[in-house]
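An overview of the molecular structure
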Amino acid sequence: MRDINWEEPYCGEGNNCFRVGTDDQGHSYIAVAGAEDAYVTDTREALRTLIREIKAGKADHLL
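Remarks on helix α1 (residues 44-55)
Since there are 3.6 residues in each turn of an α-helix, residues three or four apart along the chain are aligned in direction. With 12 residues, α1 extends 16 Å between its outermost C-alpha atoms, agreeing within 8% with the 16 Å of an ideal straight helix rising 1.5 Å per residue. Positive phi appears at Gly-57, one or two residues downstream of α1, with a value of about 95 degrees.

Structure below.
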């Protein structure tokens, strides 16, 4: 199993909580809090790009 360093959950209303983590291999992870064994993974640069794009409003149509 990978040694993932999970951050504290980011929660919206109710039980909508996500966790972001990294490992020492340069990978990043996103999972629903409580289901960290079912994560999405990519590079830290990919996570950085995703966060920047979301902050720029490119996912606002999903709200």
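What about the packing of aromatic side chains?
One pass over the full model with this rule turns up 2 aromatic pairs. With 4.9 Å between their ring centres and 90 degrees between their planes, Tyr-29 and Tyr-39 make a pair best called edge-to-face. Of the two residues, Tyr-29 sits in strand β4 (residues 27-32) while Tyr-39 sits in the loop between β4 and β5 (40-43), which places them 10 residues apart along the sequence. Given the relative accessible area of 0%, Tyr-29 is considered buried. We classify Tyr-39 as partly exposed; its relative accessible area is 29%.

Points about the state of the cysteines
Scanning the entire structure with this criterion turns up 1 disulfide. A disulfide bridge connects Cys-11 with Cys-17, and the sulfur atoms are separated by 2.1 Å. The sign of the S-S torsion, about 110 degrees, decides the handedness of the disulfide formed by Cys-11 and Cys-17: right-handed.

Rules and cut-offs
Residues numbered from 1 in each chain as written. Predicted model: local features only at pLDDT ≥ 70, side-chain atom pairs only at ≥ 80, totals over all residues. Heavy atoms only, no water. Helix = DSSP H or I, 4+ residues; strand = E, 2+ residues; numbered from the N terminus. Expected span 1.5 Å × (residues − 1). Phe/Tyr/Trp six-rings, centres within 6.5 Å; stacked < 30°, edge-to-face > 60°. Buried < 20%, exposed > 50% of the residue type's maximum accessible area, 1.4 Å probe, protein only. Disulfide = S-S within 2.5 Å.

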